[in-house]
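Residue-level listing of the chains:
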Amino acid sequence: MDFEWSFEQKTFRESMRKFAEKEVSPGIIERDMKGEFNWEAWKKAGEFGILGLPIPEEYGGGGADIMTMMAGMEGFGLGCRDAGFYLSLAAHTIIGEIPIWKFGSEKQKLKYLPKMCSGEWVSAYGLSEPDAGSDAISLRTSAIRKADHYILNGTKMFITNGPIADVVVVFATVDRSKGPKGITAFIVEKGSLGFSVSRALDKMGQRTSPTGELVFEDCAVPLENRLGEEGQGMPILIESLEWERACLLTGSIGVCEYELARCVKYANERVQFGKPIGQFQLIQERLANMKWRLEASRLLVYRAAWMKQKGIPARMEAAIAKLVMSETRVANSLDAVQIHGGYGYMREFEVERVLRDSIAATIGAGSTEIQKITIARHLLSKKG
Ligand SMILES: Cc1cc2nc3c(=O)[nH]c(=O)nc-3n(C[C@H](O)[C@H](O)[C@H](O)COP(=O)(O)OP(=O)(O)OC[C@H]3O[C@@H](n4cnc5c(N)ncnc54)[C@H](O)[C@@H]3O)c2cc1C
C-alpha cells in the first residue's frame, strides 16, 4: 500500500489547481446567476490538454493512468469555484468519452475521440428519461432497425451538456420485452434529422453546466453509429457508471479541502463574545466533523480508483466511495454555511453556492439510496 502521490502526480495536481483558479473560477458569481457556461475556459481547457485525460494519446487524449487523472481532478476541484464547469468537464471526459474509447470500433474512436479531446466537440451521455431515472433499465427510447440504420424515438431527461453537445451517447431498446438484453447504445450527432434539444433546464446549483431534455422523433442513426453489438448496451452502461461513481466525484475532495480551509480561517477571524468563534467547542465540533468526513471520503475514493487502475472489479467499492463522498459534500457545505452564519447565507460570500452546487451529488450517477441497494445486493450475492 502506498499513500504517496509521485512527484509528477503532485506537480500535475498543482498545475490543474492553478489552471482552474486562473482560467475557470473568475466571474463565477455572475455566471451562476445567469446560468452561463464558460466557453472561453472550455477552449483553454482543450488547449491545456485536459479534456481527454484518460484517453490514449493516439486518439488525442492525455494518456493518463487513473490515479494520475484523479490527482489532476482533485487539484482542479481545489482551484475551481465553478462546480458547473467541473461537472461539464467530468461528464464529457468520463461518461462521454470513455464508452467510445472502451467499446467503440477503431473507426468510431478515430472519428470522435480526437475532436472530443481537443474540446472542438462537446459530448453528453443520454441514459435517464422522464420515467426512467433510478430504474434506468426500464428506459423506453426505442431503436428499430431498418436496413442500414436505426430509427430512434424517445426522450432523454436531465442530460448534462445536452443543450451544447455535438455528440451524445444514447441508450435505447431494440425490444422492451427483452429487458436489459434489448438495451443498445448509439452515438448520435448534433444536427441528425429528428434529434433536438426540447428545452434547457434551470437548476438549483451547478447552474453554469447546461442541462437539457433531448427528443428523438423518427431520428435515423446509421448502423455504423451503433456502439458495440445490438443488445450489448448493459456492459457499456455498467462500465461507464462504475467509472462515473469511482472517478467523477474526485473533484469533490478538492472542493471540500478548499471549503474546510475557508471555514478554519473564518473561525479564527470572526469574533463573538470577545473570542474568535473557533474557540467555541460547538464550532470546533463542526470543523472536526468536516475534516474526518473529508479524509474518510478521500481514502474511499482513492481505493475505488486504485482498484479500477489494477483492473479489479470495483462495483461495490465505487458505490461506497460515491455514497460517502457525495454525502460528505452535502454535510460539509451545510456546516460551512452554519459556521459563516448570516454571511454564509449571502450570495457574495460564495458559501451558499457551494451548498446549492453540492446537493446534486447525492442524486446524479445513482442516488444515495441506489448506492445502498448496490452495496446490499453485492453483500447478499456473496452470501454475507
Ligand atoms: C445535475 C444532474 C445532472 C445529471 N446528468 C445526467 C446525465 O448527464 N445523463 C443522464 O443520463 N442522467 C443524468 N442525470 C439524471 C440522474 O442520473 C437521475 O436524476 C438519477 O438517476 C435519479 O433519477 P430520478 O431523478 O428520475 O429520480 P427517481 O429515480 O424518480 O428517484 C426519486 C427518489 O426515489 C428514490 N428511489 C428510487 N428508487 C428507489 C428504491 N428502489 N429504493 C429506495 N429509494 C428509491 C431515489 O433515491 C430518489 O430519492 C442528472 C441529474 C442531475 C441532478
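Each value, and the rule that gives it
- Residues numbered from 1 in each chain as written.
- Predicted model: local features only at pLDDT ≥ 70, side-chain atom pairs only at ≥ 80, totals over all residues.
- Helix = DSSP H or I, 4+ residues; strand = E, 2+ residues; numbered from the N terminus.
- Rg over C-alpha atoms; globule rule 2.2 N^0.38 Å.
- Buried ≥ 20, exposed ≤ 12 C-beta atoms within 10 Å, placed from the backbone.
- Near = placed C-beta within 6 Å.
- Domains from an automatic or database assignment.
- Core = buried A, V, L, I, M, F, W, Y, C linked by C-beta atoms within 7 Å.
- Contact = placed C-beta atoms within 7 Å.
- Pairing = 2+ DSSP bridges.
- Axes fitted to C-alpha atoms, helices over the stretch in contact; angles between N-to-C directions.
- Parallel < 35°, antiparallel > 145°, perpendicular 65-115°, else oblique.
- Left-handed = near helix turned anticlockwise from the far one by under 90°.
- Nonpolar A, V, L, I, M, F, W, Y, C, P; charged D, E, K, R; others polar.
- Expected span 1.5 Å × (residues − 1).

1. Points about the overall build of the protein
Phase 1 of the analysis: Within the protein one finds 12 helices and 10 strands.
Phase 2 of the analysis: For the protein, the C-alpha radius of gyration of 21 Å lies close to 21 Å, the compact-globule estimate for 384 residues.
Phase 3 of the analysis: The principal-axis extents of the C-alpha atoms in the protein amount to approximately 80 × 50 × 40 Å.
Phase 4 of the analysis: For the protein, with 384 residues in total, the buried portion stands at 51%.

2. Here's the deal with the site of the ligand
Phase 1 of the analysis: Residues in close proximity to the ligand total 21 residues, the closest being Leu127, Gly133, Ser134, Ser367 and Glu369.
Phase 2 of the analysis: Looking at the shell around the ligand, the elements that each hand over two or more residues are strand E1 (123-126), strand E3 (149-160) and helix H12 (368-381).
Phase 3 of the analysis: The residues that make up the shell around the ligand include at least three from each of domain 2 (124-230) and domain 3 (249-381).

3. Thoughts on unusual backbone geometry
Phase 1 of the analysis: One non-glycine residue, Phe158, adopts positive backbone phi at about 65°.
Phase 2 of the analysis: Following the sequence through the fold, Phe158 ends up in strand E3.
Phase 3 of the analysis: For Phe158, a count of 20 C-beta atoms within 10 Å corresponds to the buried category.
Phase 4 of the analysis: Its identity as a non-glycine residue notwithstanding, Ala365 has a phi of 55°, on the positive side.
Phase 5 of the analysis: Considering the arrangement of structural elements, one finds Ala365 in the loop between helix H11 (351-359) and H12.
Phase 6 of the analysis: When the 22 C-beta atoms within 10 Å are taken as the criterion, Ala365 is described as buried.

4. Remarks on the nonpolar core
Phase 1 of the analysis: Core analysis: the biggest nonpolar cluster contains 106 residues, and Leu152, Val170, Phe186, Val301, Ala304 and Ala321 have the highest contact counts within it.
Phase 2 of the analysis: The biggest single contributor to this core is helix H5 (residues 83-103), with 12 residues.
Phase 3 of the analysis: Residues in contact with Ala321, not counting those within four places in the same chain, are Arg245, Ala246, Leu300, Val301, Arg303 and Ala304.

5. Focus: the environment of Thr11
Phase 1 of the analysis: Of note, Thr11 is situated in helix H1 (residues 7-24).
Phase 2 of the analysis: The partly exposed category is assigned to Thr11, around which 13 C-beta atoms lie within 10 Å.
Phase 3 of the analysis: In sequence terms Thr11 and Val324 are 313 residues apart; their C-alpha atoms lie 27 Å from each other.

6. Considerations on the domain arrangement of the protein
Reports often express the size of an interface as the amount of accessible area lost when the parts come together.
Phase 1 of the analysis: On domain assignment, one finds that the protein holds domain 1 (7-122), domain 2 (124-230) and domain 3 (249-381).
Phase 2 of the analysis: Here domain 1 and domain 2 have C-alpha centroids that lie 23 Å from each other.
Phase 3 of the analysis: Of the residues lining the interface, 25 residues belong to domain 1; the matching set on domain 2 comes to 20 residues.
Phase 4 of the analysis: Looking at the side of domain 1 that touches domain 2, the elements that each hand over two or more residues are helix H2 (28-34), H5 and helix H6 (106-118).
Phase 5 of the analysis: Top element by residues in the side of domain 1 that touches domain 2 is H5. It accounts for 12 residues.

7. Side note on the environment of Leu287
Phase 1 of the analysis: When you line up the elements, Leu287 lands in helix H9 (residues 281-310).
Phase 2 of the analysis: Counting along the chain gives 52 residues from Leu287 to Ile339, while the straight-line C-alpha distance between them is 8.7 Å.
Phase 3 of the analysis: If we skip the residues at most four places from it in the chain, Leu287 touches Cys263, Val264 and Ala267.

8. Some remarks on the pairing of E3
Both faces of the sheet carry side chains from a regular strand, because those side chains alternate between them.
Phase 1 of the analysis: In this sheet, E3 lies alongside strand E2 (residues 142-146) in antiparallel orientation, the contact comprising five bridges. Paired with Ile144 across the two strands is Ile151, which belongs to E3.

9. Notes on the packing of H5 against helix H7 (residues 233-247)
Phase 1 of the analysis: Where H5 meets H7, the closest approach of the two axes is 10 Å, and the angle between their N-to-C directions is 135°. When the axes of H5 and H7 are compared, the pair comes out oblique. Here H5 and H7 pass one another in a crossing that is right-handed. Residues Ile94, Ile95, Ile98, Pro99, Lys102 and Phe103 of H5 touch H7, and the partners they reach there are Ile236, Glu239, Ser240, Trp243, Glu244 and Cys247.
Phase 2 of the analysis: Looking at the contact of H5 with H7, its residues break down into eight nonpolar, one polar and three charged.

10. Thoughts on helix H8 (residues 250-269)
Phase 1 of the analysis: When the terminal C-alpha atoms of H8 are compared, their 30 Å separation across 20 residues agrees well with the 28 Å that a helix rising 1.5 Å per residue should span.
Phase 2 of the analysis: Three or more residues of H8 are buried, namely Thr250, Gly251, Ser252, Ile253, Gly254, Val255, Cys256, Glu259, Cys263 and Tyr266.
Phase 3 of the analysis: Elements that come into contact with the buried residues of H8 comprise helix H4 (66-79), H5, H7, H9, helix H10 (315-344) and H11.

11. Notes on the environment of Ala20
Phase 1 of the analysis: Note that Ala20 resides in helix H1.
Phase 2 of the analysis: Considered as a pair, Ala20 and Ala147 are 127 residues apart in the sequence and their alpha carbons are 48 Å apart.
Phase 3 of the analysis: Setting aside residues no more than four positions away along its own chain, Ala20 makes contact with Ser25, Phe76, Gly79 and Cys80.

12. Focus on the packing of H5 against H6
Phase 1 of the analysis: It is at 10 Å that the axes of H5 and H6 come closest, and there the two elements cross at 155°. By the angle class used here, H5 and H6 are roughly antiparallel. The handedness of the crossing between H5 and H6 is left-handed. The segment H5 lies against H6, with Gly96, Glu97, Ile100 and Trp101 engaging Gln108, Lys109, Tyr112, Leu113 and Met116.
Phase 2 of the analysis: Residue composition of the contact of H5 with H6, grouped by class: five nonpolar, two polar and two charged.

13. Let's talk about the pairing of strand E4 (residues 167-173)
Phase 1 of the analysis: The buried fraction of E4 amounts to seven of the seven residues, a majority that puts the element mostly inside the structure.
Phase 2 of the analysis: Two strands pair when backbone bridges link them, and E1 and E4 are joined in this way by four bridges, in the parallel orientation. Bridging from a neighbouring strand, Ala124 pairs with Val168 of E4.
Phase 3 of the analysis: Note: E4 against strand E5 (residues 183-189), seven bridges, orientation antiparallel. Looking across to E5, one finds that Phe171 is bridged to Ala185.

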